[in-house]
Amino acid sequence: MSIHREGTQILIIALVILVAINLVWGRLCAFSGSVYIGLCIASLFLYGWLLAFFRNPDRVITPQAQVVLAPADGTVVAIQAAQEDEYLQQACIQVSIFMSPFNVHVNRSPVTGTIQYFKHHPGRYWVAFHPKSSTQNEHTTVVVKRTDGALILFRQIAGFVARRIKFYPQPDASVQQGDEVGFIKFGSRLDLFLPTHAALVVQRGDRVRAGVSAIATLATHNTPLK
């Protein structure tokens, strides 16, 4: 377990601010002992949550050539047929994963391949589970091309609180299944667009872990949506 580099600056600033608040309020304000202790406890809980949010757990990634792994930790909130018109221009199966502020927010590549396409889209900040968030919120669109030619598209979507999306690989870069490719700060969503012949192995409500949980296999038969 380690702390993700995206959290380093925030954690330092937060520590300085919380220590300063506690020192100043403790000296200048006529707090009773119990109120001051309560303030210190609240500060510790807040800082503990920040540490937990930016955690980057060590994970053993087992590559699986015919499997699409979860690109994010969270809960599967939607599985539906969708028309993807930005790049794929075809019907797909959309799987949406909601990342609460308590989930690990490291994003990982769902498959091995090459970054075929990347684009950042500015936008609004609906709550991440809102249906409009997929297209109207600030988001990135990423397409990974597998060696067999299959295209897997996913979107990192900002939420109501999340205001910063990071994606690291450059276009044409090679990525391995489970590689860390990005990070979204403070609650968000990730939409995964799969070929219509993919065989789903998750259902709505399932909790998944990035680089570990299987979302689908790239089978050769159609899979009815549940």
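Residues numbered from 1 in each chain as written. Predicted model: local features only at pLDDT ≥ 70, side-chain atom pairs only at ≥ 80, totals over all residues. Heavy atoms only, no water.

**Looking at the overall build of the protein**
If you tally the helices and strands in the protein, you get three helices and 16 strands. Here the protein holds 226 residues, and the buried ones make up 47% of them. Across the protein, the fraction of contacts at a sequence separation of at least 24, relative to all contacts at a separation of at least 6, is 70%. Summed over its atoms, the accessible surface of the protein is roughly 11,300 Å², and 60% of this surface lies on carbon and sulfur atoms. (Helix = DSSP H or I, 4+ residues; strand = E, 2+ residues; numbered from the N terminus. Buried < 20%, exposed > 50% of the residue type's maximum accessible area, 1.4 Å probe, protein only. Contact = heavy atoms within 4.5 Å. Areas by Shrake-Rupley, 256 points an atom, 1.4 Å probe, with all protein chains shown as cover.)

**A look at the pattern of salt bridges**
Per the counting criterion, the structure on display carries five salt bridges. Taking the shortest distance from any N to any O, the salt bridge between Arg 155 and Glu 86 comes out at 3.3 Å. Here Arg 155, found in strand E9 (residues 151-158), pairs with Glu 86, found in the loop between strand E4 (74-84) and strand E5 (90-99); they are 69 residues apart in sequence, far enough to count as distant. The closest approach of N and O atoms between Asp 148 and Arg 146, which form a salt bridge, is 2.6 Å. (Salt bridge = Lys/Arg side-chain N within 4 Å of Asp/Glu carboxyl O.)

**Concerning the sheet that holds strand E16 (residues 214-217)**
Reading across the sheet, the three strands line up as E3-E16-E14 and stay open at both edges, with antiparallel pairing between neighbours. Across the chains shown, the open sheet's two edge strands, defined by having one partner strand only, are strand E3 (67-69) and strand E14 (199-200). By the bridge criterion, two bridges tie E14 to E16 in an arrangement that is antiparallel. Residue pairing in the sheet places Ala 199 in a bridge with Thr 217 of E16. (Pairing = 2+ DSSP bridges.)

**So, unusual backbone geometry**
A positive phi is found at Gln 89, a non-glycine position, where the angle reads about 55°. As for its placement among the helices and strands, Gln 89 is situated in the loop between E4 and E5. For Asp 172, which is not glycine, the phi dihedral falls at a positive 80°.

**Overview of the environment of Asn 103**
Within the secondary structure, Asn 103 sits in the loop between E5 and strand E6 (106-108). On a C-alpha basis, the gap between Asn 103 and Ala 52 in space is 8.6 Å, while along the polypeptide they are 51 residues apart. If sequence neighbours within four positions are ignored, Asn 103 has contacts with Phe 53, Arg 55, Asp 73, Gly 74 and Phe 98. Of the polar contacts made by the side chain of Asn 103, one reaches the backbone nitrogen of Ser 100; its length is 2.8 Å. (Polar contact = N/O pair within 3.5 Å; in protein donor to acceptor, adjacent residues only side chain to side chain.)

**Points about the nonpolar core**
Within the largest apolar cluster, 32 residues are counted, with the highest numbers of intra-cluster contacts made by Val 95, Phe 154, Leu 192, Leu 194 and Ile 215. Of all the secondary structure elements, the ones that give two or more residues to this core are E4, E5, strand E8 (139-145), E9, strand E10 (165-167), strand E12 (180-184), strand E13 (188-194) and E16. Those residues in contact with Leu 194, other than ones at most four positions away along the chain, are Val 68, Cys 92, Ile 93, Val 95, Ile 152, Leu 200, Ile 215 and Ala 216. Counting eleven residues, the second largest nonpolar core, distinct from the first, contains Ala 14, Tyr 47, Phe 53 and Phe 186. (Core = buried A, V, L, I, M, F, W, Y, C linked by side-chain atoms within 4.5 Å.)

**Some thoughts on the confidence of the model for the protein**
Considering every residue of the protein, the mean pLDDT works out to 85; 85% of them sit at 70 or more. Note on residues 221-226: pLDDT is under 50 here. Beyond four places in sequence and across chains, it has 16 contacts. (pLDDT = per-residue confidence, 0-100.)

**Re the sheet that holds E13**
With antiparallel pairing, the eight strands of this open sheet are ordered in space as E11-E7-E8-E9-E13-E5-E4-E15. Edge positions in the sheet fall to strand E11 (174-175) and strand E15 (207-208), since each has one partner strand and no second. Strand direction decides the pairing type here: E4 and E15, joined by two bridges, are antiparallel. Bridge pairing links Gly 74 to Val 208 in E15.

**Comments concerning the environment of Val 68**
Inspection of the secondary structure assignment puts Val 68 in strand E3. Contacts of Val 68, omitting those with residues within four sequence positions, involve Pro 110, Val 111, Ile 152, Leu 192, Leu 194, Ser 213, Ala 214, Ile 215, Ala 216 and Leu 218.

**What about the pairing of strand E7 (residues 113-121)?**
In terms of strand pairing, E7 meets E11 through two bridges, oriented antiparallel. By the bridge assignment, Thr 114 is partnered in E11 with Ser 174. Strand direction decides the pairing type here: E7 and E8, joined by seven bridges, are antiparallel. Note on E8: the bridge partner recorded for Ile 115 is Val 144.

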